[in-house]
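Residue strings, one per chain:
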Amino acid sequence: MNADRLPPVAPEVTATLVESLSPRLRKRLDAAVTKLAARPVHRDGDTTTIEVDDETELRLHAPGGVVAQVEDVTCGCLLAPACVHRAAAACAAPPADAAPEPAEQPTPEAAGTASADADAVTGGGSVATDPPPVTDPATATAMVPASAPHRASGTDSAPGPGPAPAPGLTPDAAPPETATPDQRAAADALWAAGAAVLEAGVDGAGAVAQSALLRAAHTARLRHLPRAAGAALSVVTLLRAARAGDPSYRTAELVTALAELLGTARRVATATGTELAAVRGRVRRPYSPDGSLRLYGLFTEPVVTDSGHGGVRTWVAGADGRLFTVGDVAPGGVGRALGVADRAVRLGDTALTHRELGRAGLAVSGATVSPDGRLGAGKSVKAVTARGAAWTEPPLAALWETPPAEQAARALRSTSRYADPDGTGSDLLFLDVELVGAVREPGGTCLLALGEGGVPLRLTAADDDPALAHRDNLALLAAAPGTRLRIIGRLIPAAHPRLTLLACSHPTGEGTIDLGLDRLRRADLPDPAAPAHFAPPQPAGPGAQSPLYLLERRVEQTVPAGRAALGLLGDVAAETRRIRRGGLPTAAGLLTALCASAAQRERDHFGRLLPADTDGFAAYWLAAARYSAAVSESLCSAAWNPTGEVQGVSGGPPAAAARPAV
């Protein structure tokens, strides 16, 4: 049984079904989920039926596409409704997106919380505090106080007192808004559930641990904390993918999701004002009116997701240089992506296809735009075809005039795993390059090009699917060394300048190429008979030899195997010495503290092991994950800077034996 064949189940439904099981049945739940996954599934309208055995059927009723109530899951076995089958089916189904926040009026205590949601930003990667500015990795350290980080208790009767009025403010001035006791309690529950997952690792985080996360996510949504709730659902989805052996699963994605969950939960207790609004997040990204827009097409890219969705996204620019997108993505995979490219754009009365819009223009009135630049297609939106502009003509030419280092810094901010996302910015770069040839790498072959100032850039395919044109086009461009192109690519955070190549000017200088949809031919090259040219080995970038990976791999190692994996490492002195020699004393201190916390188990007076300090270990792990990501992003920024300077990690000497303030 493919989980995608089951309707999504609301988080609170799954949590309730698991919590209602007896301790004996909870121990059998993971095995029941595995067994149920092998059974046939049939769908008839809103009802999905699973054949538990030859005589028993399990039904999931999903009016509106989502199983929203416990009563919507029924089983025909003799033990129903107290059987394990209902809970197993809910655990096997994908978790539904959290429902909108309650419509009832908030209490006076939470009124400020509800009103501020209108101005909050959507969720994304975050940690407990903003990372310290990175200035020089050779002296990089973190603030590591000797006391353990304090998590606000859900039993507090009221928020803590606000700060004293600033000079010049009247005594009646309202203090910054803080989280309510209910929000702090919900954040505590999320922290505890996330720390338990980190303690057990993927192998130990079965259906019961996932149920705790789902319950905490539901409570957080009711307490107006959609960002943290969304992070918890992401962790559950990735845990299920990892345990099912999904080939699309990546450990790094679960590391990011867990760090987001733990960091966001921790910040709820200390954030105030606008920071609290960002930590809370918002349920949906609303479209807001943007008046009349004159848009110029840039390119169209195919979109194919691991979940089986496919479509296209067309990028356009406004007269002021702002970037917008018009998308069409739905279930269907790569076949749908190729077909939708030649369908009419769903925007106003225009008859342009997505391919055509990527080279033409639009005049839009009554435009609505989401915070991330998506154009709405409501009934009030009017759009007619207009003249486009070449990449060398205004206003598009201005996109290539920004220095590459500034473009990379902007793109890095939009992709940062730990910054509070504001819904603005783009990870696209607009560059003029000269092709050099192909470069062999451990993961395959990429295209080498020289950017402004002779900076070597590595250009990779956005998708390796042979049905798309990315890989074949890059292979042909490798046979045209010396060709100068104007390109559009998506930043790949790395210790050297690296992009996925999305579009480029035609090698003949006439028109543009959407590299995922349009196929180049040898006749399009300056020398059609030339074979692929391989460039000589390139020198390593400023961060290529950084020993930071020694800390990063221990952070990742924790996720699949849990705290015990690090506790068995023993002495890590050799690794920490190498890290210190590389100029990262804080990374060395964090690695020592993380491994020491993992191995620490105290005993009572009778010699019995006491429960592990899951909170302390989670705090160390979060600090290590946050720090390694901040330094990686700084090295990426330095790679794009011709001077080689690292912007952004400074501080004093590390305190290896103390808990970090996250």
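Residues numbered from 1 in each chain as written. Predicted model: local features only at pLDDT ≥ 70, side-chain atom pairs only at ≥ 80, totals over all residues. Heavy atoms only, no water.

Q: Lay out the overall build of the protein with the relevant residues and their values.
A: Summing up its helical and strand segments, the protein has 18 helices and 15 strands in all. Residues classed as buried in the protein amount to 49% of the 662 residues present. (Helix = DSSP H or I, 4+ residues; strand = E, 2+ residues; numbered from the N terminus. Buried < 20%, exposed > 50% of the residue type's maximum accessible area, 1.4 Å probe, protein only.)

Q: Let's hear about the pairing of strand S7 (residues 323-331): which residues, and what values?
A: Where strand S6 (residues 309-318) lies against S7, 9 bridges are found, and the strand directions are antiparallel. For Ala 317, the partnering residue across the bridge sits in S7 and is Leu 323. (Pairing = 2+ DSSP bridges.)

Q: A description of the confidence of the model for the protein should follow, citing residues and the corresponding values.
A: On average, the protein scores 82 in pLDDT, and the residues at 70 or more come to 82%. Here residues 100-170 is modelled with pLDDT under 50, and outside its nearest four sequence neighbours on either side it reaches 170 contacts, counting other chains as well. In the model, residues 646-662 has pLDDT below 50 throughout and makes 74 contacts with residues more than four positions away in sequence or in other chains. (pLDDT = per-residue confidence, 0-100. Contact = heavy atoms within 4.5 Å.)

Q: An account of the packing of helix H5 (residues 181-204) against helix H14 (residues 549-561) is requested, with residue identities and associated values reported.
A: Put simply, H5 and H14 touch, their axes get as near as 4 Å, and they point 65° apart. For the pair H5 and H14, the contacting residues are Leu 198, Ala 200, Gly 201, Val 202 and Asp 203 in the first and Thr 558, Val 559, Pro 560 and Ala 561 in the second. Residue composition of the contact of H5 with H14, by class: 6 nonpolar, 2 polar and 1 charged. (Axes fitted to C-alpha atoms, helices over the stretch in contact; angles between N-to-C directions. Nonpolar A, V, L, I, M, F, W, Y, C, P; charged D, E, K, R; others polar.)

Q: Pulling in residues and values, what's your account of the pattern of salt bridges?
A: Tallying each qualifying case throughout the model produces 27 salt bridges. We note a salt bridge from Glu 199 to Arg 563, for which the minimum N-O separation is 2.8 Å. Residue Glu 199 is found in helix H5, and its partner Arg 563 is found in helix H15 (residues 563-567); the two are separated by 364 residues along the sequence. (Salt bridge = Lys/Arg side-chain N within 4 Å of Asp/Glu carboxyl O.)

Q: Help me get a handle on the nonpolar core, residues and values and all.
A: If you look at the biggest cluster of nonpolar residues, it comprises 71 residues, and the most contacted ones within it are Leu 213, Leu 254 and Trp 621. The element that contributes the greatest number of residues to this core is helix H18 (residues 614-640), accounting for 12 residues. (Core = buried A, V, L, I, M, F, W, Y, C linked by side-chain atoms within 4.5 Å.)

Q: If you had to explain the environment of Asp 182 to someone new, which residues and values would you point to?
A: With respect to the helices and strands, the residue Asp 182 is situated in helix H5. Overall, the relative accessible area of 44% leaves Asp 182 in the partly exposed class. Placed 38 residues apart in sequence, Asp 182 and Ala 220 show a C-alpha to C-alpha distance of 9.0 Å.

Q: Explain the packing of aromatic side chains to me, and be specific about the residues and the numbers.
A: The final tally for this structure, using the stated rule, is 3 aromatic pairs. Measuring from ring centre to ring centre gives 5.1 Å for Trp 400 and Phe 430, while their planes differ by 75°; the resulting arrangement is edge-to-face. One end of the pair, Trp 400, is in the loop between strand S9 (382-386) and helix H12 (404-415); the other, Phe 430, is in strand S10 (residues 428-441), with 30 residues separating them in the sequence. The ring centre of Trp 191 lies 3.7 Å from the NZ or CZ of Arg 266, which sits over that ring. (Phe/Tyr/Trp six-rings, centres within 6.5 Å; stacked < 30°, edge-to-face > 60°. Lys NZ or Arg CZ within 6 Å of the ring centre and 35° of its normal.)

Q: Give a detailed account of the sheet that holds S7, specifying residues and quantitative values.
A: One open sheet accounts for 5 strands, arranged S7-S6-S5-S8-S9; its pairing is antiparallel. Unpaired on one side and paired on the other, S7 and S9 mark the two borders of the sheet. Along the sheet, successive strands turn relative to each other by an average axial angle of 35°, direction set aside. Contacts between helix H10 (residues 333-340) and the sheet are confined to strand S5 (288-304), S6 and S7, with S6 contributing the most and set at about 40° to the helix.

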